[in-house]
Amino acid sequence: MDFIKSQEEKLKGIIKESGYEIEKVTLVPSSRPDLGQYQFNGVMELAKINKMNPRIIADAIVEKMKESSDYSDVNVAGPGFINITFSDDVLSRYIDEIRKDVNVNIEKQDKKKIVIDYGGPNVAKALHVGHLRSANIGEALKRLAREVNFEVIGDIHLGDWGRPLGLVILELKKRYPDWVYFNENYEGDYPETCPIENKDLEEIYPYASAKAKEDEEYLEEARLITTKLQQKEKGYYDLWKQIVKISSDEVKRTYDKLNVSFDLWYGESDADEYVQPVINYLKEKGLTSESQGALVIDVSLPGDTTEIPPLLLVKSNGAVSYETTDLATIWQRMKDFNPDEIWYVVDKRQELHFEQVFRAAYKSGIVPENVKLEFIGFGTMNGKDGKPFKTRDGGVMRLAELMETVREETLKKFNPNITGKERDEISELVSVGALKYADLLPNRSTDYIFDIEKFSDFNGKTGVYILYSTVRMRSLLSKAKEAGEEIGSVTKFANETDRNVALKLLEMPSSINEAMYDKSLSEISEYLYQLINTYNNFYNANKVLGEEDVELKKSWLGLTKATYNAVSVLLNILGIEEPEKM
Ligand code: ARG
């Protein structure tokens, strides 16, 4: 059990011994560090229940607390706030536990199985900045959930079944009508490799998409080809498979660089076999109705304050919708994994879509009430003008381009002694870390402004600062080792700066819990910064390796190790890799 939790339990017992009963004791870091490290504010509640003067109750509790050696000071402030300072002894013992195994400082939860749907790029289109957020936040949530003991299956859910690929294939047919893929009478094998490369897609898709916007006939042809694909028509479907392959290989390369990985590389197309069964099932349940030639499901609920439009199941031209593929995917996930929860890390502008899909899933019983479907929406990364981030000439910023820009900026201030291949590798890790950290720091649902100079600064609340400090911490530990120093045990503190590091470490479990509760990484990002900062204050104020008191030196090294352990776990949750040196 983590330290604060066990101290809360302990205090609960002491309160009982003093003759009072309280359901839950909560200790919070003190707002007045001069009076104590932590405070207990529950006496007011006890006073109300017992119709007594809070001061009298507080005094009685404090009397009992004084019998314990866990506290070096307890006092009452104001009407009955109890201030607590833990004894160095009990504090150092706990920090030493963290040095040995950081898991004591993470509250594990009851096992549950979660499918997490994130990334979700559309094949055929190049990854753009929006795909950073879904991948980055999703990856971190997956790691966080695993850290607290959940079983998590991450699925990229590629957008591979809609019109974008229909458009690309149509345009290819226009340009290369002689390709065997388009010859209905062709009997032989199709070429083994894709006739185009990923970079061709970057030109073809925007071209075809723009053309479809002004050319109704072209758009109609694209619709037809999309239907052919969805019916897996020979030739078209074979070409489709090859394009999906080159495109997802490229997605994989970029996501690898971002340290983002998936257990499943399923796409919308993988749920295709469940589309018809789902439609039949919904019809049998009597949930569908016709509306202007389309098949829809009413998903409104009596208490709705805003109108939730019916879910479009089958369009009037017979095509299935984005909603239908999502319902079919839920069907598939329930069948394959029977999860307790399914999480969707998607741009918050898609909230209505998911609201409709979730309602239909519950209403029809595709998902039982005890399974939780959760939409985890995120805000937009904006430019300094407050509008979605664009390239200099106003186009959509590609993710690879964004990553390159951050790297160039990071390199400007980079250690000149790191050169050659190492410089390339490390600057990549650091710039990716800077980008990821900046993206995880704001609350996930708020929009934020991408400020490259700020994000890649070596000082301030940035990934660069955090990584730099972490590397320095690790190098202190290896220097100590080389010098034959012993690392650990934490047995004593010498001043406020080392004690503050210990106290900061006590806040780790609650930062993790809050992050899990909010499904936002901002708490952890913020806490990581505070922990690093508190450690740096200690580091700058004391000469660890030069310390003459041997036991203190050992203890400080142990404290460094405990902090480093905590930082490693937190960086790992954020999906940020620590470089060898910086
Ligand atoms: N491909 C979609 C898009 O780019 C995102 C997919 C989100 N996940 C889902 N199950 N619908 O907008």
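Residues numbered from 1 in each chain as written. Predicted model: local features only at pLDDT ≥ 70, side-chain atom pairs only at ≥ 80, totals over all residues. Heavy atoms only, no water.

Once that is clear, we can look at the overall build of the protein chain. Along the protein chain, the regular secondary structure elements total 20 helices and 13 strands. With the C-alpha coordinates of the protein chain rotated into their principal frame, the extents come out at 90 × 65 × 40 Å. Excluding contacts between residues fewer than 6 apart, the proportion of contacts in the protein chain whose partners are at least 24 apart in sequence is 74%. Accessible surface, the protein chain as shown: approximately 26,700 Å² in total, 48% of it carbon and sulfur. (Helix = DSSP H or I, 4+ residues; strand = E, 2+ residues; numbered from the N terminus. Contact = heavy atoms within 4.5 Å. Areas by Shrake-Rupley, 256 points an atom, 1.4 Å probe, with all protein chains shown as cover.)

Opposite charge on two side chains permits pairing when their charged atoms draw close. Applying the stated criterion to the full structure yields 49 salt bridges. Residue Lys-108 pairs with Glu-147 through a salt bridge whose shortest N-O separation is 3.8 Å. Of the two residues, Lys-108 sits in the loop between helix 4 (88–100) and strand 5 (113–117) while Glu-147 sits in helix 5 (residues 129–147), which places them 39 residues apart along the sequence. Overall, Lys-108 belongs to the partly exposed group, its relative accessible area being 38%. Residue classification places Glu-147 among the buried positions, given a relative accessible area of 16%. Between Glu-341 and Lys-112 there is a salt bridge whose closest N-O contact spans 2.9 Å. With Glu-341 in strand 10 (residues 341–347) and Lys-112 in the loop between helix 4 and strand 5, this pair connects stretches of sequence that are 229 residues apart. (Salt bridge = Lys/Arg side-chain N within 4 Å of Asp/Glu carboxyl O. Buried < 20%, exposed > 50% of the residue type's maximum accessible area, 1.4 Å probe, protein only.)

With that settled, consider helix 6 (residues 163–175). Each α-helix winds once per 3.6 residues, and so residues spaced three or four apart point in a common direction. Taking 1.5 Å per residue, 13 residues should reach 18 Å; helix 6 reaches 18 Å between its end C-alpha atoms and fits that length. Along helix 6, the residues that are buried comprise Pro-164, Leu-165, Gly-166, Leu-167, Val-168, Ile-169, Leu-170, Glu-171 and Leu-172. Along its buried surface, helix 6 packs onto helix 7 (198–214), helix 8 (216–230) and helix 9 (236–257). (Expected span 1.5 Å × (residues − 1).)

This paragraph deals with the sheet that holds strand 5. Strand order in the open sheet formed by 4 strands is 6-5-10-11, and the pairing between neighbours is parallel. Each end of this open sheet is capped by a strand with a single partner; those strands are strand 6 (151–155) and strand 11 (372–378). In this sheet, adjacent strand axes meet at a mean angle of 20° when their direction is disregarded. When strand 5 meets strand 10, the two strands line up parallel, connected through 4 bridges. Of the residues in strand 10, the one forming a bridge with Ile-114 is Glu-341. Packing of helix 5 onto the sheet brings it into contact with strand 5, strand 6, strand 10 and strand 11, and relative to strand 10 it is tilted by some 150°. This element, helix 12 (residues 351–364), spans strand 10 and strand 11 of the sheet and lies at about 180° to strand 11. (Pairing = 2+ DSSP bridges. Axes fitted to C-alpha atoms, helices over the stretch in contact; angles between N-to-C directions.)

Taken together, Asp-117, Gly-120, Asn-122, His-157, Tyr-322, Asp-326, Tyr-344, Val-346, Gln-350 and Phe-354 form the complete shell of residues around the ligand. Between the ligand and Gly-120, the relevant distance is 2.9 Å, taken from a nitrogen atom to a main-chain nitrogen or oxygen of the residue. Taking Tyr-322, its side chain carries an N or O atom lying 2.8 Å from a nitrogen atom of the ligand. Out of a free accessible area of 350 Å², the ligand has 85% covered by protein chains. If you list the elements that add at least two residues to the shell around the ligand, you get helix 11 (322–337) and strand 10. Grouping the amino acids of the shell around the ligand by side-chain chemistry returns 4 nonpolar, 4 polar and 2 charged. (Near = heavy atom within 4 Å. Polar contact = N/O pair within 3.5 Å; in protein donor to acceptor, adjacent residues only side chain to side chain. Nonpolar A, V, L, I, M, F, W, Y, C, P; charged D, E, K, R; others polar.)

This next bit is on the packing of aromatic side chains. Taken as a whole and assessed by the stated rule, the structure comprises 27 aromatic pairs. Geometry around Tyr-207 places Arg-175 over its ring, the cationic atom sitting 5.2 Å from the centre. (Phe/Tyr/Trp six-rings, centres within 6.5 Å; stacked < 30°, edge-to-face > 60°. Lys NZ or Arg CZ within 6 Å of the ring centre and 35° of its normal.)

In this section: the nonpolar core. The biggest cluster of nonpolar side chains holds 156 residues, and the ones touching the most others in it are Leu-11, Ile-61, Ile-95, Ile-243, Tyr-255, Leu-402 and Leu-521. Tallying contributions element by element places helix 20 (residues 550–574) first for this core, with 13 residues. Filtering out sequence-adjacent residues up to four positions away, Leu-11 remains in contact with Val-25, Leu-27, Phe-40, Ile-61, Met-65 and Ile-84. Formed by 36 residues, the second largest nonpolar core is a distinct cluster that contains Tyr-274, Ile-279, Ile-342 and Ala-360. (Core = buried A, V, L, I, M, F, W, Y, C linked by side-chain atoms within 4.5 Å.)

What follows deals with the side chain of Lys-553. Its place among the elements puts Lys-553 in helix 20. Within polar-contact distance, the side chain of Lys-553 engages the backbone oxygen of Leu-545 at 3.4 Å. For Lys-553, the residues in contact, after removing those within four places along its chain, are Glu-485, Val-544, Leu-545 and Glu-547.

Note on backbone geometry: most residues besides glycine have negative phi, and most peptide bonds are trans. Positive phi values are uncommon outside glycine, yet His-157 reaches one of about 45°. Relative to the helices and strands, His-157 resides in the loop between strand 6 and helix 6. Residue classification places His-157 among the buried residues on the basis of a relative accessible area of 7%. In the Ramachandran plot, Asn-338 falls in the positive-phi region, its phi being about 45° despite a non-glycine side chain.

Now for the side chain of Asn-536. For Asn-536, the location among the structural elements is in helix 19 (residues 522–541). Each residue touching Asn-536, except ones within four places of it in the same chain, is listed here: Tyr-465, Ser-469 and Arg-472.

Bringing the sheet that holds strand 2 (residues 38–40) into the picture now. The strand order across the open sheet formed by 4 strands is 1-2-4-3, and the pairing between neighbours is antiparallel. Of all the strands in the sheet, the pair left with one neighbour each is strand 1 (27–29) and strand 3 (71–77). Strand-to-strand, the axes of this sheet are offset by a mean angle of 30°, without reference to chain direction. Examined bridge by bridge, strand 3 and strand 4 (residues 81–86) share 6 bridges and lie antiparallel to one another. By the bridge assignment, Asp-73 is partnered in strand 4 with Thr-85.

A separate point is the environment of Thr-85. With respect to the secondary-structure elements, Thr-85 resides in strand 4. By relative accessible area, Thr-85 is classed as buried at 17%. Sequence-wise, Thr-85 and Val-74 are 11 residues apart; in three dimensions their C-alpha atoms are separated by 6.3 Å. Discounting chain neighbours no more than four positions away, the residues touching Thr-85 are Leu-35, Gly-36, Gln-37, Asp-70, Tyr-71, Ser-72 and Asp-73.

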